[in-house]
Amino acid sequence: MSAAMGNKQVKLHFETAQKTGVLKISQMRLNEFPSALKTFPNVLKTLDLSENRFTELPDDIKKFTILKHLNVSGNRLMSLPEAFEIMTKLETLNASHNLIERLPMQLGQCKNLKQIHLSNNQICEFPKMVCGLRHLDLLDLSRNKITSVPPEVESLQVTELNVNQNQISEISENIAKCSKLKTLRIEENCLQANAALSNILKDSQVCNLSIDGNLFNSKAFAELEGYEAYMERYTAARKKIC
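Let us look at the structure shown here. (Residues numbered from 1 in each chain as written. Predicted model: local features only at pLDDT ≥ 70, side-chain atom pairs only at ≥ 80, totals over all residues. Heavy atoms only, no water.)

Further remarks concern the overall build of the chain. In terms of helices and strands, the chain carries 4 helices and 11 strands. Along the longest, intermediate and shortest principal axes, the C-alpha atoms of the chain span 65 × 35 × 30 Å. Considering only contacts within the chain whose residues lie at least 6 apart along the sequence, 33% involve residues at least 24 apart. When the accessible surface of the chain is split by element, carbon and sulfur atoms take 45% of a total near 12,100 Å². Computed over 30 positive and 27 negative side-chain charges, the separation of the two mean positions in the chain equals 8 Å. (Helix = DSSP H or I, 4+ residues; strand = E, 2+ residues; numbered from the N terminus. Contact = heavy atoms within 4.5 Å. Areas by Shrake-Rupley, 256 points an atom, 1.4 Å probe, with all protein chains shown as cover. Lys, Arg positive; Asp, Glu negative; His and termini not counted. Charge placed at Lys NZ, Arg CZ, Asp CG, Glu CD.)

Here lysine 239 lies in helix H4 (residues 227–241). The class of lysine 239 is exposed, set by a relative accessible area of 63%. Here the alpha-carbon distance between lysine 239 and serine 50, two residues 189 residues apart in the chain, equals 38 Å. (Buried < 20%, exposed > 50% of the residue type's maximum accessible area, 1.4 Å probe, protein only.)

A few words now on the side chain of asparagine 162. For asparagine 162, the location among the structural elements is in strand E8 (residues 160–162). Here the side chain of asparagine 162 touches asparagine 164 through a polar contact of 3.0 Å, landing on its backbone nitrogen. Ignoring anything within four residues of it in the chain, the contact list for asparagine 162 reads Leu139, Asp140, Leu141, Ser142 and Arg185. (Polar contact = N/O pair within 3.5 Å; in protein donor to acceptor, adjacent residues only side chain to side chain.)

Let us now look at unusual backbone geometry. Even without glycine at this site, glutamine 27 takes up a positive phi of about 55°. One non-glycine residue, glutamate 188, lies in the positive phi region at around 55°. Mapped onto the secondary structure, glutamate 188 falls in the loop between strand E10 (183–185) and helix H2 (195–203). On the basis of relative accessible area, glutamate 188 is assigned to the partly exposed category, the value being 43%.

One pass over the structure, following the stated rule, counts 0 disulfides. Here cysteine 131 is not disulfide-linked; the sulfur of cysteine 178 is the nearest cysteine sulfur, at 7.8 Å. Judged by its relative accessible area of 3%, cysteine 131 is buried. In this structure cysteine 178 comes out as buried when scored by relative accessible area, which is 2%. (Disulfide = S-S within 2.5 Å.)

These values are about where atoms sit, not about what they do.
Here it is, written out as structure tokens:
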């Protein structure tokens, strides 16, 4: 679809968006940032650009300083703009199903972020810049190319961390210091049954640990120090749900 045709369709949503603060222009095969958005008033709280053909997001996006929800999933983005340092009210970011290789340091300035969805990308390094975000509750990094979880992970405030289907062979023992972490998903990686896992079992608050598809079997996992302590937390959590 040409930019002109895209903009024509987009304009149909603009009048309503100015009143509601919600603009959804997904699945329109857009490959360029709609020119009409560049002059759009700063009223948007939700912007959905998902399932288009964007290869980049322009710096013009930084004008939306009151944006709370940004969905750019299902595009062809290789990176995210540095404009995030201005978008301090952002609460949810969905950039899954792209080609993102790196994340801007400025993402760490989004102090109100609660959820970050980055699954199905090409990210090779664990994003340390988000570890200090106090309100971050969910971080989904599944299906990337991450090889290790660094010591900085201890500052993560999330209750759920998903790093399923990466290439992780090393995980810092500091992960046990994540005070709010309840659900840890590390399935289908390259982990051995080691001290880091023992620390998670005996010293963390994790009560839902998914570890299938690594380089050890369930018997080796059950023999790790701290397994019984973990099972007590697991059982107690299940009773609360029921």
